[in-house]
Amino acid sequence: MKNLHSIMLDKEKCKGCTNCIKRCPTEAIRVRNSKARIIDQRCIDCGECIRTCPYHAKYAITDSLEEINKFQYKIALPAPSFYAQFEVDDVNKLLYALLELGFDDVFEVAKAAEIVTYFTKQFILSEKNKKPIISSACPAVVRLIQTKFPDLIENILPIASPMEVAAYIAKKKIQREKGIEEDKIGAFFISPCAAKMTYVNSPLGFERSYVDGVIAIKDVYGLVRSKLREIKDIKPLSIASGKGIGWAASGGESLALEIEEYVNVDGIHNVAKVLEEIENGRLKDIVYFEGLACSGGCVGGPLAVENPYVAKNRIKRLSSKLKDKEESLSAWTEEIINSFSLKLEDVLFEKELETNPVLELDSDIERAMEKFEKVNNILSMLPGLDCGACGSPTCKTLAEDIVRGFANDTDCIFILRENIKELANKMVELSNKLPPSLERNDE
Ligand code: SF4
Ligand code: SF4
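Residues numbered from 1 in each chain as written. Chains lettered and ligands numbered in written order. Predicted model: local features only at pLDDT ≥ 70, side-chain atom pairs only at ≥ 80, totals over all residues. Heavy atoms only, no water.

### Points about the pattern of salt bridges
In this structure the tally under the stated criterion is 24 salt bridges. Across the salt bridge formed by Asp 362 and Arg 367, the nearest N and O atoms sit 3.4 Å from each other. Taken together, the shared-partner salt bridges connect Arg 23, Glu 48 and Arg 51 into one network. (Salt bridge = Lys/Arg side-chain N within 4 Å of Asp/Glu carboxyl O.)

### Notes on the sheet that holds strand β8 (residues 185–191)
With parallel pairing, the four strands of this open sheet are ordered in space as β6-β5-β8-β9. The sheet is open, and its two edges are formed by β6 (105–106) and β9 (213–216), each paired on a single side. Relative to β9, β8 is paired through four bridges, and the arrangement is parallel. Residue pairing across strands places Phe 189 opposite Val 214, the latter belonging to β9. Strands in contact with helix α6 (residues 162–178) are β5 (73–78), β6 and β8; relative to β5, the strand with the most contacts, it is inclined by about 150 degrees. (Pairing = 2+ DSSP bridges. Helix = DSSP H or I, 4+ residues; strand = E, 2+ residues; numbered from the N terminus. Contact = heavy atoms within 4.5 Å. Axes fitted to C-alpha atoms, helices over the stretch in contact; angles between N-to-C directions.)

### Regarding the site of ligand 2
Neighbouring ligand 2 are 13 residues, the closest being Cys 24, Cys 43, Cys 46, Gly 47 and Cys 49. Classifying every residue of the shell around ligand 2 gives nine nonpolar, two polar and two charged. (Near = heavy atom within 4 Å. Nonpolar A, V, L, I, M, F, W, Y, C, P; charged D, E, K, R; others polar.)

### A closer look at the side chain of Ser 209
Among the structural elements, Ser 209 can be located in the loop between α7 (195–201) and β9. Judged by relative accessible area, which is 10%, Ser 209 ranks as buried. A polar contact is formed between the side chain of Ser 209 and the side chain of Glu 164, at a distance of 2.8 Å. Polar side-chain contacts of Ser 209 include one of 3.0 Å to the backbone nitrogen of Val 211. (Buried < 20%, exposed > 50% of the residue type's maximum accessible area, 1.4 Å probe, protein only. Polar contact = N/O pair within 3.5 Å; in protein donor to acceptor, adjacent residues only side chain to side chain.)

### Some remarks on the pairing of β9
Side chains Gly 213 and Ile 215 project from β9 onto one buried face, and the interleaved Val 214 and Ala 216 project onto a second face that is buried too. In the classification by handedness, the crossover that spans β8, the intervening α7 and the parallel β9 is right-handed. (Right-handed = clockwise from strand over helix to strand, strands pointing away.)

### A word on the sheet that holds strand β10 (residues 262–266)
A sheet is described by the order of its strands in space; here three strands give the open sequence β7-β11-β10, paired in parallel fashion. Both outer strands of the open sheet, β7 (133–134) and β10, are each paired with one neighbouring strand and no more. Strand direction decides the pairing type here: β10 and strand β11 (residues 288–292), joined by five bridges, are parallel. Each residue of the ladder has a partner; that of Asn 264, found in β11, is Glu 290.

### Observations regarding the environment of Tyr 199
The residue Tyr 199 is located in helix α7 in this model. Along the primary structure Tyr 199 and Ala 140 are separated by 59 residues, whereas in three dimensions their C-alpha atoms are 9.1 Å apart. Aside from chain neighbours lying at most four places away, what touches Tyr 199 is Pro 139, Arg 143, Met 163, Glu 164, Leu 204, Phe 206 and Ser 209.

### Section: the nonpolar core
Counting residues in hydrophobic clusters, the biggest one holds 77 residues, and the most contacted among them are Leu 77, Phe 107, Ile 145, Ile 159 and Leu 275. Residue contributions to this core peak at eight residues, all from helix α4 (residues 109–125). (Core = buried A, V, L, I, M, F, W, Y, C linked by side-chain atoms within 4.5 Å.)

### Details of the environment of Leu 283
Mapped onto the elements of the fold, Leu 283 is located in the loop between α11 (268–279) and β11. Distance in space between the C-alpha atoms of Leu 283 and Asn 408 is 41 Å, their sequence separation being 125 residues. In contact with Leu 283, other than residues within four places in its own chain, are Pro 132, Val 274, Glu 277 and Ile 278.

### Section: the pairing of β11
The buried fraction of β11 is high, at five of five residues. Residue alternation in β11 divides its side chains into two sets, Tyr 288, Glu 290 and Leu 292 and Phe 289 and Gly 291, and both sets are buried. Sheet topology note: the β7/β11 ladder contains two bridges and is parallel. Counted as the bridge partner of Ile 133 is Tyr 288 from β11. Crossover handedness for the path β10 to α11 to β11: right-handed.

### Topic: a negative patch on the surface
A contiguous patch of negative charge on the surface is contributed by Asp 151, Glu 276, Glu 277 and Glu 279. Assignment of secondary structure puts Glu 277 in helix α11. (Patch = residues over 30% accessible without salt bridge, like charges linked within 9 Å, V, L, I, M, F, W, Y side chains within 5 Å. Areas by Shrake-Rupley, 256 points an atom, 1.4 Å probe, with all protein chains shown as cover. Lys, Arg positive; Asp, Glu negative; His and termini not counted. Charge placed at Lys NZ, Arg CZ, Asp CG, Glu CD.)

### Some points on the packing of aromatic side chains
In total, this model carries seven aromatic pairs according to the counting rule given. Summarising the aromatic geometry, the rings of Phe 82 and Tyr 83 are spaced 6.5 Å apart at their centres and angled 70 degrees between planes, so their arrangement reads as edge-to-face. Owing to a relative accessible area of 3%, Tyr 83 belongs among the buried residues under this scheme. The interplanar angle of 20 degrees and the centroid separation of 5.0 Å between the aromatic rings of Phe 86 and Tyr 221 together place this pair among those described as stacked. One end of the pair, Phe 86, is in the loop between β5 and α3 (91–100); the other, Tyr 221, is in helix α8 (residues 217–230), and 135 residues separate them in sequence. Taking relative accessible area as the criterion, Phe 86 reaches 4% and is therefore assigned buried. Relative accessible area serves as the criterion here: at 18%, Tyr 221 is assigned to the buried category. One aromatic cluster is present, formed by Phe 82, Tyr 83, Phe 86 and Tyr 221 through successive ring pairs. The side chain of Lys 15 reaches across the aromatic face of Tyr 55, ending 5.6 Å from its centre. In this arrangement the basic side chain of Arg 208 is found over the ring face of Tyr 210, its NZ or CZ atom lying 4.0 Å from the centre. (Phe/Tyr/Trp six-rings, centres within 6.5 Å; stacked < 30°, edge-to-face > 60°. Lys NZ or Arg CZ within 6 Å of the ring centre and 35° of its normal.)

In structure tokens form, the structure reads like this:
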């Protein structure tokens, strides 16, 4: 299935309560005729509306586990946050459980995160970057920049995400070791994140994705739990280090870089505030900005199961437990990099990121100015309460919707009330009038 967006509305469940319209960071939702509507071109798949809706009317489209059967050789790519969903003494059990679900192999995305860290360090030292460098790990944040902060596109780290690097290496490895053709190998990301599904269908910085499907953690959670009970004798499978697994929580990516001049922020609205500061020329002393759309980082993704605070704590404990193994694991990372002759150029974006000018009033600057003036005129007549009762998130967005021809000023209940009041007064006035042929007291 090829959807441009993974966030959808279940019309039956939607009560038109307008809770979601205010939380959307790109003003992508309107409520009309008592139902929410997502403006596709504006949605960045941050998942904020999934978390906000009290009626569970928003959901993310992902792949079902059955999809893996379309491939001869099936590889699971568990996100680092996957480990944090379960209370287990040994993460190898979790990887075994994935094999029990029908996968032939597991490649840890945490391992690929170490490779991305390795190349990011090189990129930071190179001449050709604009500071602060903004992490590209969160696709929702990248799309937020394309939509609302186009001037910051040049700051985005142009390096493939750990998920993408994991799929690439895992497939090449199997091709090499087992001689299976690439199109017969399926790589499936086990995801806490809705935006990753959109990424796979419409990659950022690349023509194609090596990932063949995205399976929500919540969809395999129960199955993994039941398999965990059966697993007894296991051989070590996990090779990820604490640093790689640390990417699951906000700040983990920056910590792995071992630099001091970084800022890490979680939650899409907090990220937007900091991006605004960067756009305004502040934070000049910062080398790296790690912004993650979900609260707590990927552990707080809308497709995860565990409470993000509990999950974050588990990641912290797991990372420090694996600290001793760090040296030998770094050697493994270098070995992989060498055996695939990977260079920084190999993981750099193939194409430039484009802006997504959907929030502009018009592509023609003169017409945009005219529309801007109209918006301001309408706005001056609106009450400025940003109540959302009109179905638009703020008075300003209603004014913009009116100028774009998608709404009327009477959608505002205050203007409607004024109009009704005026009409009622006029009717009273008219009802007191008598035809001139009848007796009147006006002389
Ligand atoms: S929060 Fe949005 S999607 Fe959920 S019921 Fe209210 S209007 Fe509908
Ligand atoms: S996923 Fe995010 S951007 Fe898309 S409609 Fe929901 S809140 Fe808005």
